[in-house]
Amino acid sequence: KQEVTQIPAALSVPEGENLVLNCSFTDSAIYNLQWFRQDPGKGLTSLLLIQSSQREQTSGRLNASLDKSSGRSTLYIAASQPGDSATYLCAVNTGNQFYFGTGTSLTVIP
Amino acid sequence: SAVISQKPSRDICQRGTSLTIQCQVDSQVTMMFWYRQQPGQSLTLIATANQGSEATYESGFVIDKFPISRPNLTFSTLTVSNMSPEDSSIYLCSSSFGVETQYFGPGTRLLVL
């Protein structure tokens, strides 16, 4: 069974800092990997999707990388803003099911 | 993409009662899913809602506790039966057109007293 781990569980940074969130998974046989954002008490918003054949995806200040062989993905957030404060979840899609990590709770301090 | 709405957005219920959560998608989708997110935890898949047939439940979840309906390609319901405080969670509906990605609803926050 696929297991997905996210480190750190919580992160607090001053505004303007660049930061990296980590996601690791145990089975490299994946279809794609997706990063989501979840605001308190809300549903999930998709940020970036990386196909298994891709190495990275970029959207604005966000860059996600994927190293399938080592079972790792990172989400890089440049020039962080208070509005980036949320929980970030990575999800591994095996083609049959999504497996979610436990999330990283990010606080960006003005 | 798909836009998903859920009702109710939140509820406070008494132990032993049941609550039915509705999920509406703005387009016909292939798959619909129900997840549970307990406090401080990640998402756990409860079941896949199959149109016109019984839902497919994940290990640890049973139909008697979480009956699911999916009468058509845009609508599904999840009932949390005979509730206990341990059922207090966010319940999320999602949908997909295939294996590519899933679109999530805003969730239903349930508190059981």
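Residues numbered from 1 in each chain as written. Chains lettered and ligands numbered in written order. Predicted model: local features only at pLDDT ≥ 70, side-chain atom pairs only at ≥ 80, totals over all residues. Heavy atoms only, no water.

Trainee: Account for the sheet that holds strand β1 (residues 4–7) of chain A, naming residues and giving values.
Mentor: Residues and elements named next belong to chain A. Sheet architecture is open: five strands sit in the order β1-β3-β8-β7-β6, paired in antiparallel fashion. Of all strands in the sheet, those with a lone pairing partner are β1 and β6 (56–59), marking the two edges. Mean inter-strand twist for the sheet, computed between neighbouring axes without regard to direction, equals 15 degrees. As defined by bridge partners, β1 adjoins strand β3 (residues 19–25) across four bridges and the pair is classed as antiparallel. Among the inter-strand pairings, threonine 5 is bridged to a residue of β3, identified as serine 24. (Pairing = 2+ DSSP bridges. Helix = DSSP H or I, 4+ residues; strand = E, 2+ residues; numbered from the N terminus. Axes fitted to C-alpha atoms, helices over the stretch in contact; angles between N-to-C directions.)

Trainee: Give a detailed account of the side chain of A:Asn32, specifying residues and quantitative values.
Mentor: Within the fold, A:Asn32 resides in strand β4 (residues 32–38). Given a relative accessible area of 0%, A:Asn32 falls into the buried group. Every residue in contact with A:Asn32, bar those within four places of it in the chain, is listed here: A:Leu49, A:Ile50, A:Gln51, A:Ser52, A:Ala91, A:Val92, A:Asn93, B:Val99 and B:Glu100. (Buried < 20%, exposed > 50% of the residue type's maximum accessible area, 1.4 Å probe, protein only. Contact = heavy atoms within 4.5 Å.)

Trainee: Give me a nonpolar patch on the surface: which residues, what numbers.
Mentor: The grouping of B:Ile12, B:Leu111 and B:Leu113 at the surface amounts to a nonpolar patch, some 290 Å² of accessible area in total. Here B:Ile12 shows up in strand β2 (residues 10–13). (Patch = residues over 30% accessible without salt bridge, like charges linked within 9 Å, V, L, I, M, F, W, Y side chains within 5 Å. Areas by Shrake-Rupley, 256 points an atom, 1.4 Å probe, with all protein chains shown as cover. Salt bridge = Lys/Arg side-chain N within 4 Å of Asp/Glu carboxyl O.)

Trainee: Please set out unusual backbone geometry residue by residue, giving values where relevant.
Mentor: Between A:Ile7 and A:Pro8 the backbone carries a cis peptide bond, its omega angle lying at 0 degrees. Here B:Lys7 and B:Pro8 are connected by a cis peptide whose omega angle stands at -10 degrees. Looking at where B:Pro8 falls in the secondary structure, it is placed in the loop between β1 (4–7) and β2. Here the phi dihedral of A:Ala79 falls at roughly 45 degrees; this positive angle occurs in a residue that is not glycine. Along the chain, A:Ala79 falls in the loop between β8 (72–77) and β9 (86–93). Relative accessible area serves as the criterion here: at 37%, A:Ala79 is assigned to the partly exposed category. Of note, the phi angle at B:Asn82 is positive, near 45 degrees, even though the residue is not glycine. Looking at where B:Asn82 falls in the secondary structure, it is placed in the loop between β8 (75–80) and β9 (89–96).

Trainee: Kindly report on the interface of chain B and chain A, identifying the contributing residues and their values.
Mentor: In this complex, chain B contributes 16 residues to the contact, which on the side of chain A involves 19 residues. Interface area, chain B with chain A, both sides summed: about 1400 Å², of which 51% is carbon and sulfur. The interface formed by chain B and chain A holds zero salt bridges in total. On the surface where chain B and chain A come into contact, there are eight residue pairs in polar contact (both at pLDDT 80 or more). Listed by contribution, the elements that provide at least two residues to the side of chain B that touches chain A are β4 (31–37), β5 (43–49) and β9 of chain B. Of the residues that constitute the side of chain B that touches chain A, the class distribution is eight nonpolar, five polar and three charged. (Buried area = accessible area lost by both parts, 1.4 Å probe. Polar contact = N/O pair within 3.5 Å; in protein donor to acceptor, adjacent residues only side chain to side chain. Nonpolar A, V, L, I, M, F, W, Y, C, P; charged D, E, K, R; others polar.)

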